[in-house]
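# Secondary and tertiary structure notes
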Amino acid sequence: MHNNQDRHSVEAGTHKVLSFGIPSYNAAADIDRCVESILEGSDYAADIEIIIVDDGSKDETPQKADEWEARYPGIIRAVHQENGGHGMAVLAGLRNATGTYYKVVDSDDWLDASALSTMLSILRGFEERDTRVDLFISNYVYEKVYEGTRTAISYKTALPRKRVFSWDEIGRFLPSQNLLMHSLCYRRDVLLDGDLPLPAHTFYVDNIYAYVPLPRCKTIYYADIDLYRYFIGREGQSVNEAIMVKRLDQQFRITRIMMEAYHLYEDVERPRLRNYMMGYFTMMMAICSVFSKLSDDPAAPQNLKDLWHDLKVYDERMYRHARYGVIGMGTNLPSKMGEKTTIGLYHLAGKIFKFN
């Protein structure tokens, strides 16, 4: 360790308020910016930890992870595993975390320094006052580098601010305001308290992460800070439409896992949370419906039919809400003309809500 970094050496046994898991696969080009943003925003604090999970990378990611650990022992740890995909890397970070809270930051994204500083002072305040908060929510920003634009997604119209609240106090979420992995920081024990069914080698697991643990969260805090910077603009990004069509089978897999996580009308007591989750699940069914129409895979229409059928068998009430609400009707219009209309509506929604 370099002498000028003595102030960053951390006493063994320092209590960690917040653990960051960074799932990293072939991330050598991006990982430094991601890690630096956390170190700088936290002012190299001893009460955070950064767990870089090298998910079987084929580039210099493993070496970079080890170098970061060597430079900041006690703050940064490198975990190496065989390639298992994003979900396995998220879980590996969680298994290795020791902090009260756990936040996932993808290796090609970064955090805003002043927002992170604010977040840490709030979380430290909870610890000092022994206030149990199960879920900390903050805003995120789509950084569209190729367009030179940024779109901030804020929750201030849907959530109370500057106090701890429960699901009974939430307002209506707009379709553009779904809670995503980028906006969530869970108490670690909430994530460990039940199954987190993230499948291996599957994209879009962040939907499960932002859905399944919610009913376990009894106390919530929302900070109106633009913390998470979500980078859009690479070739091969999993939210690119052509790629989403190609990975339709994975979209189906994730949607089924979400479907089978809850009988929403029986298992989720809080009506406002249930309505929110039903809306989120309906959106997942709509995505499956739209991309089945965009796909040239001859099996896609039958696979979609099977998914709707299985939902009806699993839970008739969830089926009715998902299929016969405005979104369900709009994304499942009959006939070729209906199909064209559905795709047109989807593209219009994309322009309005800027989701890809």
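Since the structure is predicted, the reported quantities are computational estimates derived from the model, not experimental observations. Position numbers for residues count from 1 along each chain, tracking the sequence in the order it is written. In keeping with the predicted nature of the model, local features appear solely for residues at pLDDT of at least 70, side-chain atom pairs appear and are counted solely at 80 or more, and the whole-chain, interface and lining totals rest on all residues. Water and hydrogen atoms were dropped before computing side-chain values, which therefore reflect all heavy atoms in the structure.

### Quick notes on the overall build of the protein chain
What counts as a helix is a DSSP run of H or I of at least four residues, what counts as a strand is a run of E of at least two, and both are numbered from the N terminus. Each helix and strand counted, the protein chain has 14 helices and ten strands in total. Each radius of gyration is computed over the set of C-alpha atoms, and the globule rule expresses the reference value as 2.2 Å times the number of residues to the power 0.38. Taking 21 Å as the expected radius of gyration for a compact globule of 356 residues, we find that the protein chain reaches 21 Å, a close match to that expectation. For the C-alpha atoms alone, the extent of the protein chain along its principal axes is close to 70 × 45 × 35 Å. Think of it in three bands: residues with accessible area under 20% of the maximum for their type are buried, residues over 50% are exposed, and the middle band is partly exposed, with areas taken using a 1.4 Å probe on protein chains only. Expressed as a percentage of the 356 residues in the protein chain, the buried residues total 55%. Here a residue-residue contact requires only that any non-hydrogen atoms of the pair lie within 4.5 Å. For the protein chain, the share of sequence-separated contacts (at least 6 apart) that also reach a separation of at least 24 residues comes to 78%. Method for areas: the Shrake-Rupley scheme with a 1.4 Å probe, in which residue coverage is limited to the protein chains shown. Put simply, the protein chain shows about 15900 Å² of open surface, and 51% of that area lies on carbon and sulfur atoms. As used throughout, the charge tally considers Lys and Arg to be positive and Asp and Glu to be negative, leaving His and the chain termini uncounted. Working definition for charges: the position is that of NZ of Lys, CZ of Arg, CG of Asp or CD of Glu. Treating the 42 positive side-chain charges of the protein chain as one cloud and the 49 negative ones as another, the clouds have centres 8 Å apart.

### Topic: the packing of helix H11 (residues 300-314) against helix H12 (residues 316-324)
Fitted lines through C-alpha atoms give the axes, limited to the stretch in contact for helices. The angle between two N-to-C directions lies from 0 to 180 degrees. Packing of H11 against H12 leaves a shortest axis separation of 5 Å and a crossing angle of 135°. The orientation of H11 relative to H12 falls into the category oblique. Counting all contacts with H11, which are made through Trp308, Leu311, Lys312 and Tyr314, the residues of H12 involved are Glu316, Met318, Tyr319, Ala322 and Arg323. Under the grouping applied here, Gly and all other residues not named as nonpolar or charged are polar, the nonpolar ones being Ala, Val, Leu, Ile, Met, Phe, Trp, Tyr, Cys and Pro and the charged ones Asp, Glu, Lys and Arg. Taken together, the residues of the contact of H11 with H12 break down into six nonpolar, no polar and three charged. Note on terminology: angles under 35 degrees are roughly parallel, angles over 145 are roughly antiparallel, angles of 65 to 115 are roughly perpendicular, and the others are oblique.

### A look at helix H2 (residues 61-71)
Every buried residue belonging to H2 is among Thr61, Pro62, Ala65 and Trp68, and all of these are buried. Taken around the axis of H2, the buried residues stretch over an arc of 125°, which confines them to a single face. In the core, the buried residues of H2 are packed alongside strand E1 (18-24), helix H1 (31-41), strand E2 (48-55) and strand E3 (76-81). This arc describes the spread of directions from the helix axis toward the C-beta atoms.

### Quick word on the nonpolar core
Within the largest apolar cluster, 112 residues are counted, with the highest numbers of intra-cluster contacts made by Ile50 and Phe136. No other element matches the eleven residues that helix H10 (residues 271-294) contributes to this core. Those residues within four positions of Phe136 in sequence are excluded, and the remaining contacts are Met119, Ile122, Leu123, Phe126, Ser183, Leu184, Cys185, Tyr221, Ala223 and Ile225. Residue types Ala, Val, Leu, Ile, Met, Phe, Trp, Tyr and Cys, when buried and joined through side-chain atoms within 4.5 Å, form a set referred to as a nonpolar core.

### What about the packing of aromatic side chains?
Geometry of aromatic contacts follows a simple scheme: Phe, Tyr and Trp rings, the Trp one being its six-membered ring, pair when their centres are within 6.5 Å, and the pair is stacked under 30 degrees between planes, edge-to-face over 60, tilted otherwise. Per the counting criterion, the structure on display carries 17 aromatic pairs. Each ring, one from Phe173 and one from Tyr276, has its centre 4.6 Å from the other, and the planes form 50°; the classification is tilted. Residue Phe173 is found in the loop between strand E8 (164-165) and strand E9 (184-187), and its partner Tyr276 is found in helix H10; the two are separated by 103 residues along the sequence. For the pair Phe173 and Tyr276, a shared accessibility class is recorded, and that class is buried.

### A word on the side chain of Thr282
With respect to the secondary-structure elements, Thr282 resides in helix H10. On the basis of relative accessible area, Thr282 is assigned to the buried category, the value being 9%. Not counting the four nearest positions on each side in its chain, Thr282 is found in contact with His321, Ala322 and Ile327.

### A look at the pairing of strand E10 (residues 220-232)
With eleven of 13 residues buried, E10 is to be regarded as a mostly interior element. A strand pair is defined by DSSP finding two or more bridges across the two strands. Looking at chain direction, strand E5 (residues 110-111) and E10 are connected through two bridges and run antiparallel. Each bridged residue has a counterpart across the sheet, and for Trp110 the counterpart in E10 is Arg229. When strand E6 (residues 135-144) meets E10, the two strands line up parallel, connected through ten bridges. Note that in E10 the partner of Lys144 across the bridge is Ile232. One ladder, built from two bridges, connects E8 with E10; its direction is antiparallel. Note that in E10 the partner of Val164 across the bridge is Tyr221.

### Quick word on the confidence of the model for the protein chain
A score between 0 and 100, pLDDT records how confident the predictor is in each residue. Residues of the protein chain with pLDDT of at least 70 account for 91%, and the chain-wide mean is 90. In the model, residues 1-9 has pLDDT below 50 throughout and makes 14 contacts with residues more than four positions away in sequence or in other chains.

### Side note on H1
Residues Ile31, Cys34, Val35, Ser37, Ile38, Leu39 and Gly41 constitute the buried set of H1. Tucked inside the fold, the buried residues of H1 contact E1, E2, H2, E3, E5 and helix H4 (113-129). Asp43, located one to two residues past H1, shows a positive phi value of around 55°.

### Section: the state of the cysteines
Note on terminology: pairs of cysteine sulfur atoms within 2.5 Å are recorded as disulfides. With the rule as written, the count across this model stands at zero disulfides. This cysteine, Cys217, is not joined by any disulfide, and Cys185 carries the nearest cysteine sulfur, 10 Å off. A relative accessible area of 0% places Cys217 in the buried class.

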